[in-house]
Amino acid sequence: MITLTHNAATAVKAAISQSPDMVEGLRVRVEEGGCAGFKYTMQLEAAALADDLVLEQEGVKLFIDGRSQQMMQGMRIDFVTSLHSSGFVFENPNASNQCGCGKSFS
């Protein structure tokens, strides 16, 4: 299970409401790359794909592809605002190492 915090859901809803395209949910994926080996990507999507796990939390649909599901099991996605920056924060219990930016892991 992946958890989307209230702050993250609010940020996603704001992005969806501002999108000029028809959006049904948010795709969260793990791809090869980044400074630690894997990186998280997120994008607004019009619909789920056939092999997607679809979760709904706080009125936001999350689409997770089959390959990413096991790498993100138990992950928590938050949205944090500070004096210096704001953005999504990924807390993944499956990651053995994480880079300084928090967007890539191994």
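Residues numbered from 1 in each chain as written. Predicted model: local features only at pLDDT ≥ 70, side-chain atom pairs only at ≥ 80, totals over all residues. Heavy atoms only, no water.

**Student:** Teacher, can you tell me more about the sheet that holds strand E6 (residues 76–81) here?
**Tutor:** Adjacent strands of a sheet pair through backbone hydrogen bonds, lying either parallel or antiparallel. What the three strands build is an open sheet, ordered E1-E6-E7; its pairing is mixed. Each of the sheet's edge strands pairs with one partner strand only, and the pair in question is strand E1 (3–4) and strand E7 (86–91). In this structure, E1 lies alongside E6, joined through two bridges in parallel fashion. Residue pairing in the sheet places Thr3 in a bridge with Arg76 of E6. The sheet strands contacting helix H1 (residues 6–18) are E1, E6 and E7, and the helix crosses E6 at an angle near 75°. (Pairing = 2+ DSSP bridges. Helix = DSSP H or I, 4+ residues; strand = E, 2+ residues; numbered from the N terminus. Contact = heavy atoms within 4.5 Å. Axes fitted to C-alpha atoms, helices over the stretch in contact; angles between N-to-C directions.)

**Student:** What is the right way to read the pairing of strand E2 (residues 25–32) from this model?
**Tutor:** Consecutive side chains along a regular strand alternate between the two faces of the sheet. Where E2 lies against strand E3 (residues 38–45), eight bridges are found, and the strand directions are antiparallel. When the sheet's bridge partners are listed, Arg27 is paired in E3 with Gln43.

**Student:** Explain the side chain of Glu45 to me, please; I cannot follow it from the model alone.
**Tutor:** Relative to the helices and strands, Glu45 resides in strand E3. A distance of 3.3 Å separates a polar atom in the side chain of Glu45 from a polar atom in the side chain of Arg27. Polar contacts involving the side chain of Glu45 include one to the side chain of Gln43, which spans 2.4 Å. Non-local contacts of Glu45, meaning those with residues more than four positions away in its chain, are made with Val23, Glu24, Gly25, Arg27 and Phe63. (Polar contact = N/O pair within 3.5 Å; in protein donor to acceptor, adjacent residues only side chain to side chain.)

**Student:** Even after reading the chapter, I still don't get the nonpolar core, so can you show me in this structure?
**Tutor:** Generally speaking, nonpolar side chains in soluble globular proteins are found buried as a group. Ranked by size, the top nonpolar core spans 18 residues in total, and within it Ile2, Leu4, Val28, Leu62, Met72, Met75 and Ile77 carry the most contacts. Broken down by secondary-structure element, the contributors of at least two residues to this core are H1, E2 and strand E5 (60–64). With near-sequence residues (within four places) excluded, Val28 lies in contact with Thr41, Met42, Leu62, Phe63, Ile64, Asp65, Met72, Met75 and Ile77. (Core = buried A, V, L, I, M, F, W, Y, C linked by side-chain atoms within 4.5 Å. Buried < 20%, exposed > 50% of the residue type's maximum accessible area, 1.4 Å probe, protein only.)

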